[in-house]
Amino acid sequence: MESWPEMKASTPFGKLPIMQDGDVTLAQSVAIAAYIGRRAGMLGSTDEDFGTSWMLTMQVEDIFTEFAKHYYGANKDADCAKYFEEAGPNAVQQLENLCRGDRFTSSLTMGELSIFCLLNLFLDMYPDLLEHYPKLNVFYNRIAAQPKVAKFLENMDFVQWYNKTW
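Residues numbered from 1 in each chain as written. Predicted model: local features only at pLDDT ≥ 70, side-chain atom pairs only at ≥ 80, totals over all residues. Heavy atoms only, no water.

(A) Region of the structure containing the overall build of the chain. Within the chain, the secondary structure is distributed over 8 helices and 2 strands. Beginning at the N terminus, the succession of helices and strands in the chain can be written as α-β-β-α-α-α-α-α-α-α. Here the C-alpha radius of gyration of the chain, 17 Å, is about what a compact globule of 166 residues would show, namely 15 Å. Expressed as lengths along the three principal axes of its C-alpha atoms, the size of the chain is roughly 50 × 45 × 30 Å. Split into buried and exposed, the 166 residues of the chain put 36% on the buried side. Restricting the contact set of the chain to residue pairs at least 6 apart, pairs at least 24 apart contribute 58%. As displayed, the chain offers around 9900 Å² of accessible surface, 55% of which is attributable to carbon and sulfur atoms. Put simply, the chain has 14 plus and 22 minus side-chain charges, and the middle of one group is 4 Å from the middle of the other. (Helix = DSSP H or I, 4+ residues; strand = E, 2+ residues; numbered from the N terminus. Rg over C-alpha atoms; globule rule 2.2 N^0.38 Å. Buried < 20%, exposed > 50% of the residue type's maximum accessible area, 1.4 Å probe, protein only. Contact = heavy atoms within 4.5 Å. Areas by Shrake-Rupley, 256 points an atom, 1.4 Å probe, with all protein chains shown as cover. Lys, Arg positive; Asp, Glu negative; His and termini not counted. Charge placed at Lys NZ, Arg CZ, Asp CG, Glu CD.)

Here it is as structure tokens:
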């Protein structure tokens, strides 16, 4: 981002991500997701869905934070492989245990989309990741088949920030 040095001072916390929506400027990925989720009516139609959606969103944050330690470690290839051999399967199994059929909540929520995004990232790196997780596999495919999600996935080249070399 060429203008980042000039832009940095105008951001709420001096770092990315940020989102601008009219007069609203937000930072922090979870706050941005919540804002978009609320605008889209995807926070859950019941108290249970609302709580589950937030639980999933925060679990994605925890999983991704742990993964990032490996990805940005001194030996990315070995560290990422170690994550997917040790911590990754436990995290994915926990999600499999929570999945009810092909969903986590009674309607599509921010939390489900958060899980989908995480799985999409991991599947890009490890295509056979969901081989032993049938409910998550069905869940992932159900979300991927949503018309707007499918359209987005067709044009994802601009969001690939990682380079799998291991």
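(B) Molecular detail of the environment of S29. Counting through the fold element by element, S29 comes out in helix α2 (residues 29-39). We classify S29 as partly exposed; its relative accessible area is 38%. Distance in space between the C-alpha atoms of S29 and V149 is 19 Å, their sequence separation being 120 residues. Not counting the four nearest positions on each side in its chain, S29 is found in contact with P17 and E61.

(C) Region of interest: the side chain of T105. As for its position among the elements, T105 is in the loop between α5 (87-98) and α6 (110-125). For T105, a relative accessible area of 1% gives the class buried. Excluding anything up to four places from it in sequence, T105 contacts D49, T52, S53, R100 and E112.

(D) A look at helix α4 (residues 76-85). Buried residues of α4: C80, Y83 and F84, and no others. Down the axis, α4 shows its buried residues gathered within 90° of arc, on one side only. Buried positions along α4 lie against α3 (47-71), α5 and α6. (Arc of directions from axis to C-beta.)

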